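Listed below are the residues making up each chain.
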Amino acid sequence: MELALEKKKINIKSWLRDGGLYLVLFILLAVIIIKEPTFLSARNFRNILTQSSVRTILALGVAGLIVTQGTDLSAGRQVGLSAVIGATLLQAVTNVNKVFPNIGEIPIPVVILIVTAIGAVVGLINGVVVAHLSVTPFIATLGSSIVVYGATSLYFDYVGASPIAGYDPRFTQFAQGFFKIAGIRVNYLIIYAAIATIFIWVLWNKTIFGKNLFAVGGNPEAAKVSGVNVKKTILLVYILSGVFYAFGGLLEAGRVGSATNNLGNMYELDAIAACVVGGVSFSGGVGTVPGIVTGVLIFTVINYGLTYIGVNPYWQFIIKGAIIVLAVALDTLKYVKKK
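Position numbers for residues start from 1 in each chain and track the written sequence from start to end. Where local features are concerned, this predicted model is filtered to residues with pLDDT of at least 70; where side-chain atom pairs are given and counted, the filter is 80 or more; whole-chain, interface and lining totals use all residues. Each side-chain value is derived from all of the structure's non-hydrogen atoms; neither hydrogens nor water enter the calculation.

### Concerning the environment of Gly 284
Logical step 1: The way it works is that DSSP assigns letters per residue, a run of H or I at least four long becomes a helix, a run of E at least two long becomes a strand, and they are numbered from the N terminus. Mapped onto the elements of the fold, Gly 284 is located in the loop between α11 (267–277) and α12 (289–308).
Logical step 2: Gly 284 sits in the buried class, given a relative accessible area of 10%.
Logical step 3: Considering only alpha carbons, one finds Gly 284 and Ser 41, 243 residues apart in sequence, at a separation of 38 Å.
Logical step 4: Note on contacts: a residue pair qualifies if any of its non-hydrogen atoms lie within 4.5 Å across the two residues. Excluding its chain neighbours within four sequence positions, the residues that come into contact with Gly 284 are Ile 66, Val 67, Gln 69, Gly 217 and Gly 218. For every residue, the accessible area (1.4 Å probe, protein chains only) is compared with the maximum for its type, and the residue is labelled buried under 20%, exposed over 50%, or partly exposed between those bounds.

### Description of the nonpolar core
Logical step 1: Nonpolar cores are built from buried Ala, Val, Leu, Ile, Met, Phe, Trp, Tyr and Cys residues. Side-chain atoms within 4.5 Å join them into one set. Residues Trp 204, Leu 251, Cys 275 and Ile 292 are the most contacted members of the largest nonpolar core, which totals 85 residues.
Logical step 2: For this core, the element with the highest residue contribution is helix α2 (residues 42–67), accounting for 11 residues.
Logical step 3: Residue contacts for Ile 292: discarding those within four places in its chain leaves Ala 59, Leu 60, Ala 63, Trp 204, Ala 274, Cys 275, Gly 278 and Val 280.

### Description of the side chain of Ser 82
Logical step 1: Structurally, the position occupied by Ser 82 is in helix α3 (residues 75–89).
Logical step 2: A 3.5 Å cut-off defines polar contacts: any pair of N or O atoms within that distance qualifies, except that in protein one atom must be a possible hydrogen donor and the other a possible acceptor, and neighbouring residues in sequence count only when both atoms are side-chain atoms. A polar contact is formed between the side chain of Ser 82 and the backbone oxygen of Val 79, at a distance of 3.0 Å.
Logical step 3: Beyond its immediate chain neighbours, meaning those up to four positions away, Ser 82 contacts Val 115, Tyr 245, Ala 246, Gly 249 and Leu 250.

### Focus: the pairing of strand β2 (residues 184–187)
On any regular strand, side chains alternate: one points to one face of the sheet, the next to the other face.
Logical step 1: In this scheme, strands are said to pair when DSSP sees at least two bridges between them. Inspection of the sheet shows strand β1 (residues 178–181) paired to β2 by 4 bridges, in the antiparallel sense. Counted as the bridge partner of Phe 178 is Asn 187 from β2.

### So, the confidence of the model for the protein
Detailed reading of predicted coordinates is not advised where the pLDDT is low.
Logical step 1: Counting all residues, the mean pLDDT for the protein is 89, and 92% of those residues have values of 70 or more.
Logical step 2: Ranking the helices and strands of the protein by mean pLDDT puts helix α4 (residues 108–131) first, with 97, and helix α1 (residues 2–35) last, with 68. Each residue carries a pLDDT value, the predictor's own confidence for that position, ranging from 0 to 100.

### Looking at unusual backbone geometry
Logical step 1: One non-glycine residue, Gln 69, lies in the positive phi region at around 70°.
Logical step 2: Structurally, the position occupied by Gln 69 is in the loop between α2 and α3.
Logical step 3: Although it is not a glycine, Ser 134 sits at a positive phi angle of roughly 60°.
Logical step 4: Mapped onto the secondary structure, Ser 134 falls in the loop between α4 and α5 (137–158).
Logical step 5: Given the relative accessible area of 61%, Ser 134 is considered exposed.

This is the structure in structure tokens:
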């Protein structure tokens with residue numbers, strides 16, 4: 001009898017450790033639905049998917065870093081940098097407040113290449129600092145976030161220090177456009193996020209780079225002994241992350257309709273939280289693309305739902321912060337249990 005009770009206690013602890021976070025999120029969702037039953041509507045579902053799109057791209061970028069036992073606190077500021085630069089290059093030629101009036105229409109693919117190249121450079125710098133200077137990712141990207149924000153603010157002041165808006169209709173359509181399938185509206189942002197998701201899934205599951213990524217995250221020393229170039233792998237992960245942040249920032253500027261130097265502030269917290277909720281472990285070497293997408297959707301539903309029922313934004317910060325701490329704590333317990 002005592003043995004049976006002991007096993008039952010162990011099973012309960014194991015269940016709480018593995019599923020406790022989802023229970024908390026389910027309770028939050030239930031409270032939202034009970035308070036506002038209209039939350040369950042096709043319109044809200046579409047809005048959640050649209051809001052999840054850019055978040056998914058950012059989460060896919062930071063997920064690779066978490067898999068390698070790293071992180072990136074500069075992701076949100078990189079979003080702001082690419083948003084401001086991209087916005088100034090994609091203003092309509094008829095805009096009387098055009099930042100660069102002598103520049104004509106620039107093809108959207110060209111602007112995408114420009115901002116992603118800048119993102120790649122920032123990622124490269126982060127990667128060099130982490131991989132070659134052996135600075136912990138937390139400190140390296142904390143410093144990077146401050147530097148990037150300073151650079152973005154200088155550029156923003158230079159171009160006028162006011163929200164950059166009045167986009168070229170082509171860009172507005174690119175970021176806010178949609179098409180219909182069987183009467184269902186599908187935003188282009190959802191398609192971009194789907195393409196990014198497929199790309200990362202293939203990269204993680206069907207390439208040597210993906211195998212090296214998880215090997216480095218699981219055990220860097222063992223990976224090195226096995227012939228994996230650990231520094232090169234970490235460097236490439238940071239570069240790829242920078243590219244994803246930049247593209248996500250450009251899309252976010254188009255989705256919102258304007259850009260300032262503060263756009264993207266704290267976005268990295270949502271991305272990191274979504275990854276952890278989706279099963280990407282800070283212990284390294286663990287994570288799946290479907291899990292990341294699921295985590296983003298769950299976190300977006302909570303964010304959108306709390307706003308929908310009118311919860312004070314300051315309380316939303318408290319709730320999201322608590323979810324992040326709980327997610328990491330439960331992840332750590334699972335790792336310790338395995339050890």
